[in-house]
Amino acid sequence: ERARDARAFTPKQLAALRVLDNRFHLQQTSPGEWNLYPVKELHAAVTPEGSTGASRFTIRNPFLSQPLRFTMQVVGEKGSSVTDITLRLNGKTLQLKTSVKAGQYIVCRDNRVFVTDENWNRLSTVDVTGIPLLGAGDNEMAVSGGFSGSSLPALHFVFSVMGSPEQLKGAR
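Counting of residues starts from 1 at the beginning of each chain's written sequence and follows it residue by residue. Under the rules for a predicted model, residues below a pLDDT of 70 receive no local features and side-chain atom pairs below 80 are neither given nor counted, while totals for whole chains, interfaces and linings still include all residues. Computation of side-chain values covers all heavy atoms of the structure but excludes hydrogens and water.

K.L.:
Please explain the nonpolar core as it appears in this structure.
P.N.:
Core analysis: the biggest nonpolar cluster contains 31 residues, and Phe 70, Phe 157 and Phe 159 have the highest contact counts within it. The criterion used for residue contact is that any of the two residues' heavy atoms lie within 4.5 Å. The residues touching Phe 70, leaving out its near neighbours within four places in the chain, are Leu 87, Leu 94, Leu 96, Ile 106, Val 107, Cys 108, Phe 157, Val 158 and Phe 159. Residues Ala 3, Phe 9, Trp 34 and Leu 36 belong to the second largest nonpolar core, which totals seven residues. Residues belong to one nonpolar core when they are buried, are Ala, Val, Leu, Ile, Met, Phe, Trp, Tyr or Cys, and are joined through side-chain atoms within 4.5 Å. The buried label goes to any residue with under 20% of its type's maximum accessible area, the exposed label to any with over 50%, and the partly exposed label to all in between, with areas taken from a 1.4 Å probe on protein chains only.

K.L.:
How do you make sense of the side chain of Asn 139 when you look at a structure like this?
P.N.:
Secondary structure elements are defined from DSSP: runs of H or I of at least 4 residues count as helices, runs of E of at least 2 residues count as strands, and each element is numbered from the N terminus. Summarising the element assignment, Asn 139 is placed in strand E12 (residues 137-148). Given a relative accessible area of 1%, Asn 139 falls into the buried group. Counting of polar contacts relies on pairs of N or O atoms within 3.5 Å, with two restrictions inside protein: one atom must be capable of donating a hydrogen and the other of accepting it, and residues adjacent in sequence are counted only when both atoms are side-chain atoms. Among the polar contacts listed, one links the side chain of Asn 139 to the side chain of Asn 90, at a separation of 2.6 Å. In terms of polar contacts, Asn 139 uses its side chain to reach the backbone amide nitrogen of Gly 135, at 2.8 Å. Sequence-distant contacts of Asn 139, that is, excluding residues within four places in its chain, are made with Phe 57, Thr 58, Ile 59, Asn 61, Leu 89, Asn 90 and Leu 134.

K.L.:
Would you mind going over the sheet that holds strand E7 (residues 92-101) with me for this structure?
P.N.:
Pairing between sheet strands relies on hydrogen bonds along the backbone, with the strands arranged either parallel or antiparallel. For two strands to be treated as a pair, DSSP must find at least two bridges joining them. Taken together, four strands build an open sheet; the order of strands is E3-E12-E6-E7 and the sheet is antiparallel. Here the strands that pair on one side only, and so sit at the sheet edges, are strand E3 (55-61) and E7. Pairwise comparison of adjacent strand axes, ignoring direction, gives a mean angle of 25° for this sheet. Pairing of strand E6 (residues 81-89) with E7, which is carried by eight bridges, proceeds in the antiparallel orientation. Among the inter-strand pairings, Thr 83 is bridged to a residue of E7, identified as Ser 99. As a rule, the C-alpha atoms of each element are fitted with a line to give its axis, helices using only the stretch in contact, and angles between N-to-C directions run from 0 to 180 degrees.

Laid out in structure tokens, this is it:
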């Protein structure tokens, strides 16, 4: 709101902001100055193959290397869950030693990992050692964990990647 009031956006930026499919992150750097980052959301779904749920897919990052950021929802029938999820990104491992029930989320952002309920209320923090980098271009991801329930749940991922910022200055 303050950046808009300060007329910090160029006509080209305003046009890009009006496109509903475009996503951005605005960060104030000092009074009257901001960084505007383009953001892309990359989607992937993991359907378990057996109770270990081992699955592989590729994530294409159109921007520079950056720490992994994602939300992962457990989708399934009531009573189904996933425990001890292991993510392998380009050979680097992220172990999530927790249990997540159907409808809940794991959120990884700002080098922190936590579990939320279906309404995004934080339930617990997951202790991790080192968040892997998502490289520029194609990245290989492998996912495994302990899937349980009468019908095994799926994992729906949304990976969030940010591009280089444009610097904005208020006209006032």
